[in-house]
Amino acid sequence: MNVRGAQVIFVGLLLAAGVFSSGVYIGYENRPEVQKVISAVNKEPAPQLSGDEADFAPFWKTWNLIDEKFAPTRDASGTSTEYVKKTNQERVWGATEGLVNSLGDPYSIFLPPQDAEIFEENINGNFGGVGIEIGMRDNTLTVIAPLKNTPASRAGILSGDKILAIDGIPTVEMSVEEAVQIIRGEVGTDVALTLSRDGSKESFEVVVTRAVINIPTIDTKLRTDDVFVIELYNFSASSPNLFREALREFVRAGTDKLIIDLRGNPGGYLEAAVDMASWFLPAGKIIVTEDFGGNQDPIVYRSKGYDVFNENLKLVILVDQGSASASEIFAGALSEHGTATLVGAKTFGKGSVQELIKVTPETSLKITVAHWLTPEGHSFSKNGLEPDIAIPFTAEDKEKGMDPQIEKAAEVLKAE
């Protein structure tokens, strides 16, 4: 996921000052319970609405009816439940979350104070986890990839597994960030994941023990059939240098057959993907375009032109449903320029860019601001990349120690 920081540029959201200029404000200005809301809203100028105008009267009427009609449950002692403890500001946070959710984009969320604090801790801190990258597919919380040599991979969790519940809590309306908060925890403690898997009729539970996750980056090997394999697990800040060293190993091996294995690679830094793709493409060739949907001019990222290999190079890139984001950028660029053949399964389809924006000092908005387009202008945000040669890799294959995808990749290289 690409998350970029920014200054405070968005305050008020649903309760924007333009509401009051239309006359809805009349009759509410002397109500003490909304004074805090009005004060916060008036810090921002009235929005310039485009297209159809928004009628905020239903919102205010609903606010009023809640105050007048809502009957909270009381316990035996007559004490009201937590429902009446919601402050007016908490109602605003809830309404704002609903506004962002109305976009229908699983990667755009509003983070109220508590969630924003936890999210920032998750970005900056070190926590115990299970070693899976998760995302949304078809509005369902899904495993993008279990990371190599982590509790998740050792427990048999696979790319594409759908997470139905975490410690018994259903994930139907759970965001990715909320799921991460529950899955992460103290090292040595357990978390129970209820999963469903394509090909399995019933859901099943996997209990995983949290650990400190050390994410591997790259492995290399020369097969006995003269095929060199680079397994790349992520596009981290250190990946370009490690990849350069792996390419040197490939050259020293004296073979022209190369497999770059991006299966289960959930992505990482755009800059890493651009740098690494530049080893195979002439200077100026488009690697990816960042499309802002008309909000600003697109940004085109081009090859740096390292381009050290000639036409004799035989290259296959292995992909699957765990290949996402920067993996899809890298694979899409080399495929569309005719440099590599894609073998495996359709990729995850994480082709959007998120920006993290401070709304207030205590709250944040993580919003999709752009989508990645391949050199030929195709978006892979939802449908992913289709391999040139589709080969399934089942759980049964894994149990038997078989890997039909890499064997097919080697067969393709040896046939060229």
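About the criteria used
- Residues numbered from 1 in each chain as written.
- Predicted model: local features only at pLDDT ≥ 70, side-chain atom pairs only at ≥ 80, totals over all residues.
- Heavy atoms only, no water.
- 1 Å grid on protein atoms, 1.4 Å probe; cavity = no way out; pocket = protein on both sides within 12 Å on 5 of 7 lines; lining within 4 Å.
- Points joined across faces, edges and corners; volume = space filled by probe spheres on them.
- Helix = DSSP H or I, 4+ residues; strand = E, 2+ residues; numbered from the N terminus.
- Nonpolar A, V, L, I, M, F, W, Y, C, P; charged D, E, K, R; others polar.
- Phe/Tyr/Trp six-rings, centres within 6.5 Å; stacked < 30°, edge-to-face > 60°.
- Buried < 20%, exposed > 50% of the residue type's maximum accessible area, 1.4 Å probe, protein only.
- Lys NZ or Arg CZ within 6 Å of the ring centre and 35° of its normal.
- Pairing = 2+ DSSP bridges.

1. Some remarks on the layout of surface pockets
In step 1: Size it by volume and the second largest pocket reaches roughly 1300 Å³.
In step 2: Lining the second largest pocket are 42 residues, and of these Leu158, Ser159, Asp320, Phe393 and Lys398 sit closest to its centre.
In step 3: Elements with a minimum of two residues in the lining of the second largest pocket: strand 12 (228-232), helix 11 (395-399) and helix 12 (404-415).
In step 4: Per-class residue counts for the lining of the second largest pocket are 12 nonpolar, 12 polar and 18 charged.

2. Some words on the packing of aromatic side chains
In step 1: Under the counting rule described, the total for this entry stands at 13 aromatic pairs.
In step 2: Measuring from centroid to centroid gives 5.9 Å for phenylalanine 250 and phenylalanine 309, while their planes differ by 55°, and the two rings are tilted. With phenylalanine 250 in helix 8 (residues 239-252) and phenylalanine 309 in the loop between strand 15 (299-302) and strand 16 (314-319), this pair connects stretches of sequence that are 59 residues apart.
In step 3: Classification of phenylalanine 250 by relative accessible area gives buried; the value is 2%.
In step 4: Judged by relative accessible area, which is 16%, phenylalanine 309 ranks as buried.
In step 5: The ring of tryptophan 63 has arginine 91 lying over it, and the distance from NZ or CZ to the ring centre is 4.8 Å.

3. Remarks on the pairing of strand 14 (residues 286-291)
In step 1: Where strand 14 and strand 15 come together, 4 bridges link them in antiparallel fashion. Along strand 15, the bridge assignment pairs glutamate 290 with isoleucine 299.
In step 2: Of the pairings in the sheet, the one linking strand 14 to strand 19 (residues 363-373) comprises 3 bridges and is antiparallel in character. Each residue of the ladder has a partner; that of aspartate 291, found in strand 19, is histidine 371.

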